[in-house]
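# Per-entry structural report
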Amino acid sequence: MAEVARRAFVIGHPIAHSRSPMIHGHWLKTLGLDGSYRAIDVAPQDLGAFLSSLAECGFAGGNVTIPHKEAAFAAVGRCDEAAEAIGAINTLWFEDGILCGGNTDAYGFAANLDARAPGWAANGPAVVLGAGGAARAVVHALKARGVADIRIANRTLARAESLAARFGAGISAHASGALADLLGDAGLLVNTTSLGMQGKEGGGDLPADPALLPAHALVTDIVYVPLETPLLAAARRRGLKTVDGLGMLLHQAVPGFERWFGHRPQVTAELRALIVADLGG
Ligand code: ATR
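The structure presented is a predicted model; accordingly, all values stated were derived computationally and were not measured.

A word on the nonpolar core. With 80 residues, the main nonpolar core has Val128, Val138, Ile152 and Leu189 as its most contacted residues. With seven residues, helix α6 (residues 133-144) is the largest single contributor of residues to this core. Of the domains in this structure, domain 1 (6-104 + 253-278) and domain 2 (107-247) are the two that each give at least three residues to this core. Not counting chain neighbours up to four residues away, the residues in contact with Val128 comprise Ala135, Val138, Val139, Ile150, Arg151, Ile152, Val190 and Thr192.

Structural data, given as C-alpha cells:
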C-alpha cells in the first residue's frame, strides 16, 4: 500500500510573515519526501475548534506561533519537559491518538549557539535582556546547559522577578537600570526583547551597551530582522564574538519536522541563504 502523504502546518494570527513554510518546504524537497506544510491563520477564538479538528483533517501535527503558544499549551493532552517548564508550546504532534505539545525554542536557542560558538555554556555568567515568553525559553535552555549564574534584566522588574522565581536557584532578577553592574564579568549576553527589531518601537535602540562586557563575552540576539541588530553591530565593532538569531529559528524547526515526516533534517548554509535572501539580505 502506498504511504499516505503526511501533512503539517503552522498556525498563528497573523501568519503571513512566517518563514516556517519555506524552511519545511525546503527540507521536504531536498529530502525528496511526499508531504506538505502550510501556514494557516487561526484567530484566537477559533483555536479550540482548530485543535479539535486536527486528527480528522489528517494532520500529523504542526507549529504554533504568536499568539497561541500559551493557549495551545493549556489545550494539549500531554507535554514534553521543556513545554512544562516554559509554559508554552510551539510544536504539536499525536502519540497514541493523544494531541501532544512540545517546546523546541529552548532547543533551537542552544543548538544555534552549539553550531556557532561551541563551548558557549562554559563562558561564565549569562545576562538575559527581557522577561517575556522568549526569555522563558532562553532561561530554560541556559539552566538545562548548566549555566550557574543567570541574570535577568528587564524594563519591568516585577516580570523579571516572576521569571526568576519560576526557574529557581542560580537566577537573579534586575531592573534594566542595573545593567552596568551586571555586564562587567558576564560571559554571555542574550537579547530577547524587541529592541533592535525592524519596524518596532525601539527598532534602532541598543538594549544594553556591549562595551561594558569583558573581551571574551559572546553576544547573541533572538531578533533576526535585521540579521545584524544594533546590539550585534555594536558588539562586533568592539571585537566581541556575536551570533545572530536566524539560526535559532532554523534549529527550532528540526525536532518538529522529524516527528511529522520521520527524517531528521539538517540546518545547512543553503537553507540559511534561502531565508536570508527572503528577508531581503
Ligand atoms: P516575547 O514573547 O517575544 O518575549 P513579550 O512577552 O511581549 O514577547 O516580552 C517582550 C519583552 O521585551 C519584555 O521583556 C518587554 O519588557 P516589559 O516586560 O517591561 O514590557 C521587552 N520590551 C518590549 N519593548 C521594550 C522597550 N521599548 N524597552 C524595553 N523593553 C522592551
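So, next bit.
Another point: the UniProt feature "binding site: shikimate" (unreviewed entry) in the protein chain. The positions UniProt marks with the feature "binding site: shikimate" (unreviewed entry) are Ser18, Arg19, Ser20, Thr65, Asn90, Asp105, Tyr224 and Gln252. Residue placement: Ser18 occurs in the loop between β1 (6-12) and α1 (20-31). Setting aside its immediate chain neighbours within four residues, Ser18 contacts Val10, Gly12, Ala39 and Thr65. By secondary structure assignment, the location of Gln252 is in helix α10 (residues 246-252). For Gln252, a count of 24 C-beta atoms within 10 Å corresponds to the buried category. Beyond its immediate chain neighbours, meaning those up to four positions away, Gln252 contacts Asn90, Thr104, Asp105, Tyr107 and Gly108.

What follows deals with the site of the ligand. The environment of the ligand is made up of 16 residues, and the closest members are Gly132, Gly133, Arg155, Thr156 and Thr193. Sorting elements by how many residues they give to the shell around the ligand places α6 first, with three residues. Taken together, the residues of the shell around the ligand sort by class into four nonpolar, nine polar and three charged.

Our focus in this paragraph is the sheet that holds β1. Taken in spatial order, the six strands of this open sheet run β2-β1-β3-β5-β6-β4, and their pairing is mixed. The outermost strands of the open sheet, each flanked by one partner alone, are β2 (35-41) and β4 (78-79). Bridge analysis of β4 against strand β6 (residues 98-102) gives two bridges, and the strand direction is parallel. Paired with Arg78 across the two strands is Cys100, which belongs to β6.

Positionally, Leu54 belongs in helix α2 (residues 47-57). The residues contacting Leu54, other than those within four sequence positions of it, are Phe59 and Leu99.

With that settled, the discussion passes to the pairing of strand β9 (residues 171-175). As defined by bridge partners, strand β8 (residues 150-154) adjoins β9 across five bridges and the pair is classed as parallel. Bridge pairing links Ile152 to Ala173 in β9. For the handedness criterion, the β-α-β arrangement of β8, helix α7 (residues 157-167) and β9 is classed as right-handed.

What follows deals with the packing of α1 against helix α12 (residues 269-278). Interhelical geometry of α1 versus α12 gives an angle of 145° and a closest axis separation of 11 Å. At the point where α1 passes α12, the crossing takes the right-handed sense. Taken together, the residues of α12 that come into contact with α1 (itself represented by Met22, Ile23 and His26) are Leu271, Leu274, Ile275 and Asp278. Taken together, the residues that form the contact of α1 with α12 break down as five nonpolar, one polar and one charged.

A separate point is helix α5 (residues 105-116). Its twelve residues place the ends of α5 17 Å apart at the C-alpha level, agreeing with the 16 Å of an ideal helix rising 1.5 Å per residue. In terms of burial, α5 is largely enclosed, as nine of its twelve residues are buried. Along α5, the residues that are buried comprise Asp105, Ala106, Tyr107, Gly108, Phe109, Ala110, Ala111, Asn112 and Leu113. Turning to α5, the residues buried within the fold contact α4 (81-86), α6, β11 (218-221), β12 (241-243), α10 and α11 (254-261).

Rules of the game
Chains are numbered independently. Their residues run from 1 in the order of the written sequence. Restriction of local features to residues with pLDDT of at least 70 applies here, the model being predicted, together with a cutoff of 80 or more for giving and counting side-chain atom pairs; totals for whole chains, interfaces and linings are based on all residues. The nonpolar core criterion groups buried Ala, Val, Leu, Ile, Met, Phe, Trp, Tyr and Cys residues into a set whenever they are joined through C-beta atoms within 7 Å. Here exposure depends only on C-beta density: within 10 Å of a residue's C-beta, 20 or more other C-beta atoms make it buried, 12 or fewer make it exposed, and intermediate numbers make it partly exposed, the C-beta atoms being placed from the backbone. In this description a helix means any DSSP run of H or I spanning at least four residues, a strand means any run of E spanning at least two, and both kinds are numbered starting from the N terminus. A domain assignment, automatic or from a database, supplies the domain bounds used here. Contact definition: two residues whose C-beta atoms, as placed from backbone geometry, lie within 7 Å. UniProt positions are given in the numbering used here, feature names are shortened, and annotations may be inferred rather than shown by experiment. By convention here, the C-beta atom is placed from the backbone, and a residue is near a molecule or strand when that atom is within 6 Å of it. Any residue outside Ala, Val, Leu, Ile, Met, Phe, Trp, Tyr, Cys, Pro, Asp, Glu, Lys and Arg is labelled polar, Gly included; the first ten of those are nonpolar and the last four are charged. Note on pairing: two strands pair once DSSP finds at least 2 bridges between them. Place the viewer so that the strands point away; then a crossover is right-handed whenever the path from the first strand over the helix to the second strand goes clockwise. The angle between two axes is taken between their N-to-C directions and runs from 0 to 180 degrees, where each axis is a line fitted to C-alpha atoms and a helix contributes only its stretch in contact. Here is the rule for handedness: rotate from the far helix to the near one, and if that takes an anticlockwise turn smaller than a right angle the crossing is left-handed, while a clockwise turn gives right-handed. Helices are assigned an expected span. That span is 1.5 Å times one less than the residue count.

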